[in-house]
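# Coordinates in review
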Amino acid sequence: MGTTRSAEKVQGIKLSVIGLLFTALVCLGLTACSDGSSKQDHTQHLSRAAAYQSQGQYKAAIIEYRNALKKSKDDLASYVKYAEMLNEVGHHSAAKDLLDQAPEAARSDAYYTALVKTYIGLGKFQSAGKVLDQHLKSGQLETKILSAQIKSGLEKFDEALAIYSGILNTDPQNSQARFGSASILARQQKYEEALTLLGDIKTDDVIYARAQLLLAGVHIARDELEKAEASLSELLSILPNTDIMSPEKANALQRLSYVLTRLGRSNESYIYSKMLAEAFPGANEVNESYQAAVEHFKSGDLVAAKTMLQDIVDQYPQHTKAQQMLGIISYLKGDTVAASQILSDSVDPEIANPLATHVYAASILKLNDPKKVLEILEPGIERSAVPATWALYGLAAVSDKQYAKGEAALMKALELDPQDIRIRLALANYYQNLPTPELKAQKEQLVIAHDLAPTDRQVLKEMVAYLIQNDGNEAASAFVLQQLEKHPKDFNSNLIAGHFSVTQQDLKQALVYFERATNVKATGDDLQMALFAKGKAELTLNLQNAAEKTFAQMVKRFPESQLGYKGLYSVYVNREGEDFAQSRLETLAKRDASAAPYIVLVQAALSAQQLEAAKNYHAEAMQIDKDSAEVSRLGNAIQYASAVQTMQAGKYDESRQNLAALLAKEPENLQLLSLLVELEINSGKLVEAEKVLEQIARLNEQHPVVSLLRGDLAFAANLREEALKYYSKAWASTPSELAAEKRYTALSVLNKDSERAAHLAQWLEKYPASVSANLYNAMIQQQRGQKIKAIESYKKVLEASPDHVAALNNLGWLYFENGDDQALPMLKKASELAPENAAVLDSYGWVLFKTGDKQAGIPILEKANALAPDNAEIKAHLEEAK
C-alpha cells in the first residue's frame, strides 16, 4: 500500500476510514462451523477457497479458509494463503493477527514474505525491513522489490530508485519496478518521467489497477481532470465485481467522485459516492462525525469534540483516529493517566499520527517511564523534523541517564528551531543535572532564552532559581529589580517578583507584587494564579478577612476551579475551625451546584486519613458531576487509601477486595500491583507475592520498583544479604529516598556499620533536605554526644517537616540538656501531635517536673507510665517526680 499512499500525496485527497469497516466483514475465529464432513482433507477447503477468491467471492473464501485452518492442525500454507487473501482485500490488520497465530517452528520463506507484505500494507516499513533482513535472501527478485517498497515507504527514495533501476537494467519491462519508480517520481513531482514508466504497463498485468490509480493521481496533480476521469473510468470498467470491494475499486470510486465534483458534474459524482456508501454502510456518516469532531477540537470546544468522538468509538471501537484524538483531549485536560491508557491502545509509534505519538510519549514521560518514551519515539525519530519531538526524546534519554544521546537529541532540536526557548530551558536543565553540573553552559542557555523572551514566566523562574542557587540571593534580587524596572507593568515579571519575595520571607512586599499582577492581567488562568498567590500571602500574614475576600473573588470568577474553594477552606479552618469549614464548603457546593467544593473536602479528608468522610463527600460530588474525570480519580484514590489502611490494620481480605476492584479497571497499573505485592508479603503469602512481582517484571523489568520489591520479598524470607543486593541495585540504578531508606535499614540489620555510614553520607549528598537521612544522622550524632551537630541536623528535619514528632521530641530534649528555653514549647508540641506516645509524654512530663512545674508534669508522667507500664525509665521518672 506504500505506492497507493504515494498517489494520495500526489492528488492531495484524504481517503475515508474504509479500512476499519472491513472488520465487520472478515472473521478471524478459527473455531467456525465446518461443512459437516470432518473426514475431508483441509487441502480441499484450500482449493475451494482459492477458486472462490479468484471469482471475487471473498466471503465464501473466508469460510473455506477458516475450515481449512480448523482441519489442518496448524498447516502453514493455510495461514499464508488466508493472509494473502486478507491483504488482497486490504484488511492488513486481520492478516497480521492471523500470521501471528501461525506455528513458529514451521515458518518459511513464504510465511515471512507474506508478513513483509502485510507490514508494508500497514505502513510499518521499519518492521517490514527487520523481517526482510532477518529472514529472506537478499538476491531474489521478489526480495529486491519488497526492499525497494520498504525504502520508498521510509522516504529513502534514492536507495529505492537504485534498486528499481538495477531490476529494470536486467528486465526493462518489469512492471513492479516500473510502477515503484513511477510512484517515487510522482512524489518528487517528476510527472513526465512517471507517466513514461506507467504508459508501458499492460492491461492484463497484476499491477495495472494500481498503475491506473497512480496515473489518475498524476493527472489530478497536473489539473488534467478529463484525463484523470478517463483513466478512472477505464479502470472501473475492467475491475471485477466482488462481494467485498477491493481497495483499488474503493480508491477509484472515491477519486472519480472527487474529479466529477471538480468538473461540475455533481449528479454523476453522487452515483459513485452512493456506490461507496452501499459498499461500506456508515462510512460517510462516521467520516462526517469525525470531521465535525475535528472542527470542534480546532475551535477549542473540547467538550463537544469529546462527546462526538466517544460516540464514534462506541460504534466503531477500532476507529484509531477517534481514539487518538480522545487521548489528546485527555492530555490537554490534564488527565495524564487516561491519556496514556487511551493512546497505548491506539498509537502504533511506527505509523501513528506524529501529534498522537508525541502526546503519548509526553504522557508516559510525565508518568516517569523514560525507557517507554524512548521505545515509543525510537522508530520515527531519525525521520522527524519536529523540534518538540526531538526535545522530548532528549529529555527521556537524560532521565534514563543516557546523557550523550540526550544532549545530541536536544542539540538536534535546537538546530531545527534555534528560537525555541523551551528547548533552551531543557538544555539548561540537562547541564544542571549532569553528574558533574556544567553551570557555565547552563547559564549560557538561560541568558539566550531570556534575550529571546525577556518576559516569559518559565524563563524568569529558571533564571531566578539559577541565581539563588549559584550566585546568591543578592544577585537574584538585583535581577528581579532590574526586570521590574524594564517591565514594570508586565504580569509575569510581577508574579515572579512576588514569589521571590516569598522565598525571602518578605510577605508584605510579595503582596504588593501579587496585587500589581492581578491589576495588569484581568482574565484567564493568569488572573486565577495571581489571586491565589495573593490570597495565600494574606493568609500567611493573618489578614483573614482580606484573604477571604480574595478567595471569594476567585470562586465568583472561576466557579469550576478548586483553588478558590481551597483558599476559603483554609481561611475557615484558621478562623472558625474544621467543622465550620466543612459546613461552609458544603453550603457553597449546593449554592453553586459545583462539585469543586466537595472535591476539596475529599482531598482534605484523605489527607487526614478520614476515609468515611472522604467517601461521603465523594458521593455528593458524584451526584453533581458523575462524568468528571477528577471525581472518578478521587473515587479510585479513596479505594486505594482504603486498601492501604486495611492492609496496615491487618485486614488483608478486605484490602484485597479494594485492590481487586481497582485492578479490574487498570490491570497493568504498577502502583496497584506493587501494593498487592506488599499486601501478600505482609500476609505471609510469599509465593503469591512472587507471582505478582513477576507480572510486574514482565510489564517493565527495568522499572526501579522491581528491584525494591524483590528486596522486600527477600527481606521477608529472612534472606537479608539478598535483600541488600536488590536494594543496592535500586539505589545504584535509580537513586530515590525509598531505595536509600530500604538499603539503610538492611545495612543496619546486618550490622554493617561502616557501609551504613558511607551510605548515609551518599544519601545526604544526594538529598541534603531528606527528612529520614537527617533524622538518622541526628540520632547517630546524639548517641555520640555530638550535641551541636545533632541540633543542626534535627533543625534540618523540622525545616522540611515542622510537625515531625521524633525530631521535636529529641531536639526538645537536647535543648533541655543545654538549658535552652525552647525545650518546653517544642516538647509540648510533640506531645500534642502524639498524645498516645509514651516516650514523648515521658520527655514532656519529665522536663516540666525538672523545670519546676511538678503539678503539670506528674499527670503526664502517669499517663506515659500507663501507656508503657514495663518501661523502667518512665517508671523511675514518675516515682522521682512524686
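Residue positions within a chain follow its written sequence, with the count starting from 1. Totals for whole chains, interfaces and linings use every residue, but because this is a predicted model, local features are given only for residues with pLDDT of at least 70 and side-chain atom pairs only at 80 or more, for both listing and counting. Hydrogens are left out, water is left out, and the side-chain values use all remaining heavy atoms of the structure.

Strands here are runs of E lasting at least two residues and helices are runs of H or I lasting at least four, both read from the DSSP assignment and numbered beginning at the N terminus. Check the secondary structure of the protein chain and you find 50 helices and zero strands. Along the three orthogonal principal directions, the C-alpha set of the protein chain runs to about 110 × 70 × 55 Å. Here's how the labels work: a residue is buried when its accessible area is under 20% of the maximum for its type, exposed when over 50%, partly exposed in between, all with a 1.4 Å probe on protein chains only. Here the protein chain, with 882 residues, has 47% of them falling under the buried criterion. Residues are treated as being in contact if the distance between any of their heavy atoms lies within 4.5 Å. Sequence-distant contacts in the protein chain: of pairs separated by 6 or more residues, those separated by 24 or more amount to 50%. For the protein chain, the exposed area adds up to about 43300 Å²; of that, 50% sits on carbon and sulfur atoms. Each accessible area is a Shrake-Rupley estimate made with a 1.4 Å probe; only the visible protein chains count as cover when residues are assessed.

A side chain of one charge can pair with a side chain of the opposite charge if their charged atoms are brought near each other. For salt bridges, the criterion is a side-chain nitrogen of Lys or Arg within 4 Å of an Asp or Glu carboxyl oxygen. In this structure the tally under the stated criterion is 40 salt bridges. Two residues, Arg222 and Glu192, come together in a salt bridge whose shortest N-O distance is 2.9 Å. Here Arg222 is found in the loop between helix H12 (208-221) and helix H13 (225-238), whereas its partner Glu192 is found in helix H11 (residues 191-199), with 30 residues between them in sequence. Under the relative-accessibility criterion, Arg222 is labelled partly exposed at 29%. Across the pair Arg575 and Glu576 runs a salt bridge, and its minimum N-O distance is 3.6 Å. Residue classification places Arg575 among the partly exposed positions, given a relative accessible area of 30%. Residue Glu576 is classed as partly exposed on the basis of its relative accessible area, which comes to 45%. Residues participating in the shared-partner salt-bridge network are Lys124, Asp348 and Glu350.

Interaxial distance between helix H33 (residues 578-592) and helix H34 (residues 596-607) falls to 7 Å at its minimum, and their mutual angle equals 150°. The orientation of H33 relative to H34 falls into the category roughly antiparallel. Contacts from Gln582, Leu585, Glu586, Leu588, Ala589 and Lys590 in H33 reach Pro597, Tyr598, Val600 and Leu601 in H34. Only the stretch in contact is used when fitting a helix axis, every axis being a line fitted to C-alpha atoms; angles between N-to-C directions are given from 0 to 180 degrees. Comment on the angle field: the value is read as roughly parallel under 35 degrees, roughly antiparallel over 145, roughly perpendicular from 65 to 115, and oblique elsewhere.

Mapped onto the fold, Lys372 is located in helix H21 (residues 370-377). Classification of Lys372 as partly exposed rests on a relative accessible area of 26%. The spacing of Lys372 and Asn700 is 328 residues in sequence and 8.9 Å in space, taken between C-alpha atoms. Excluding its chain neighbours within four sequence positions, the residues that come into contact with Lys372 are Tyr360 and Ile364.

Bringing unusual backbone geometry into the picture now. Phi is positive for Glu155, which is not a glycine, with a value near 65°. Mapped onto the elements of the fold, Glu155 is located in the loop between helix H8 (141-153) and helix H9 (157-170). Although it is not a glycine, Asp223 sits at a positive phi angle of roughly 65°. Note that Asp223 resides in the loop between H12 and H13.

Now for empty space enclosed by the protein. Cavity: a set of points on a 1 Å grid over the protein atoms alone where a 1.4 Å probe fits but cannot get out. Pocket: an open set with protein on both sides within 12 Å along at least five of seven lines, its lining residues, like those of a cavity, having an atom within 4 Å of a point. Grid points are joined across faces, edges and corners, and a volume is the space filled by probe spheres set on the points. By the definition in use, this model includes three cavities of 30 Å³ or more. Reported here for the second largest cavity is a volume of approximately 40 Å³. Along its surface, the second largest cavity is lined by Leu460, Val464, Phe479, Val480, Gln483, Ser493, Ile496 and Ala497. Contributing elements (two or more residues each) for the lining of the second largest cavity: helix H26 (457-470), helix H27 (473-486) and helix H28 (491-503). Polar here means any residue outside two lists: the nonpolar Ala, Val, Leu, Ile, Met, Phe, Trp, Tyr, Cys and Pro, and the charged Asp, Glu, Lys and Arg; Gly therefore counts as polar. The residue makeup of the lining of the second largest cavity, split by class, is six nonpolar, two polar and no charged.

This part takes up helix H39 (residues 686-699). The span expected for a helix works out to 1.5 Å for each residue beyond the first. With 14 residues, H39 should cover 20 Å at 1.5 Å per step; its first-to-last C-alpha distance of 20 Å lies within 8% of that length. Listed as buried for H39 are Ala689, Val692, Leu693, Ile696 and Ala697. For H39, the buried positions fall inside an angular range of 150° around the axis, keeping them on one side. Summarising the geometry of H39, the exposed residues directed more than 90 degrees from the buried face are Val687 and Arg698. Here the buried face of H39 lies against helix H38 (670-682) and helix H40 (704-716). Throughout, the arc means that of the directions going from the helix axis to the C-beta atoms.

In contact at an axis separation of 11 Å, helix H36 (residues 629-648) and H38 are set at 15° when each is read in the N-to-C sense. Taken as axis vectors, H36 and H38 run roughly parallel relative to one another. Two packed elements cross with a definite hand, and for H36 against H38 that hand is left-handed. Between H36 and H38, the contacting residues are Tyr640, Ala643, Val644 and Met647 on the first element and Gln671, Leu672, Leu675, Glu678, Leu679 and Asn682 on the second. Grouping the constituent residues of the contact of H36 with H38 by class yields seven nonpolar, two polar and one charged. A clockwise turn of the near helix away from the far one marks a right-handed crossing, whereas an anticlockwise turn of less than a right angle marks a left-handed crossing.

Here we come to the side chain of Ser181. When you line up the elements, Ser181 lands in helix H10 (residues 175-187). Two N or O atoms form a polar contact when they lie within 3.5 Å of each other; inside protein one atom must be a possible hydrogen donor and the other a possible acceptor, and for residues adjacent in sequence the pair counts only when both atoms belong to side chains. Among the polar contacts made by the side chain of Ser181, one reaches the main-chain carbonyl oxygen of Ala177 at a distance of 2.9 Å. In this view, Ser181 contacts Leu161, Tyr164, Leu168 and Leu197; residues no more than four positions away in its chain are not counted.

Let us look at the confidence of the model for the protein chain. The predictor rates its confidence in each residue with pLDDT, a number between 0 and 100. Residues with a pLDDT of 70 or more make up 95% of the protein chain, whose mean pLDDT is 88. Here residues 1-39 is a poorly scored stretch, pLDDT under 50, and it has 98 contacts once near neighbours within four places are set aside; other chains count.

With respect to the helices, strands and loops of the structure, Arg710 is situated in helix H40. What makes Arg710 buried here is its relative accessible area of 18%. In terms of polar contacts, Arg710 uses its side chain to reach the side chain of Glu694, at 3.4 Å.

Once that is clear, we can look at the environment of Asn241. Tracing the backbone through its elements, the reader meets Asn241 in the loop between H13 and helix H14 (247-262). Judged by its relative accessible area of 65%, Asn241 falls in the exposed class. Separated by 174 residues in sequence, Asn241 and Glu415 place their C-alpha atoms 54 Å apart. For Asn241, the side chain forms a polar contact with the side chain of Lys249, separated by 3.0 Å.

This part is about the nonpolar core. In this structure, Tyr290, Leu309, Met325, Val373, Leu377 and Tyr430 are the most contacted members of the largest nonpolar core, which totals 47 residues. Of all elements in the fold, only helix H16 (283-299), helix H17 (302-315), helix H18 (320-332), helix H20 (354-366), H21, helix H22 (387-399), helix H23 (403-416) and helix H24 (421-432) reach the threshold of two or more residues within this core. Ranked by the residues each element gives to this core, the list is headed by H22, at seven residues. Setting aside anything within four residues of it in sequence, one finds Met325 in contact with Tyr290, Ala293, Val294, Phe297 and Leu309. We define a nonpolar core as any set of buried Ala, Val, Leu, Ile, Met, Phe, Trp, Tyr and Cys residues linked to one another through side-chain atoms lying within 4.5 Å. Ranked by size, the runner-up nonpolar core spans 37 residues in total, among them Leu76, Tyr111, Leu136 and Leu154.

Pairing of aromatic side chains requires ring centres within 6.5 Å, counting the rings of Phe and Tyr and the six-membered ring of Trp. Pairs whose planes differ by under 30 degrees are stacked, by over 60 edge-to-face, and all others tilted. Scanning the entire structure with this criterion turns up 12 aromatic pairs. Ring geometry for Tyr744 against Tyr776: centres 4.3 Å apart, planes inclined by 15°, an arrangement best described as stacked. One end of the pair, Tyr744, is in helix H42 (residues 737-749); the other, Tyr776, is in helix H44 (residues 771-783), with 32 residues separating them in the sequence. Residue Tyr744 is classed as buried on the basis of its relative accessible area of 5%. Centroid distance Trp763 to Tyr776: 5.9 Å. Interplanar angle 55°. Geometry classified as tilted.

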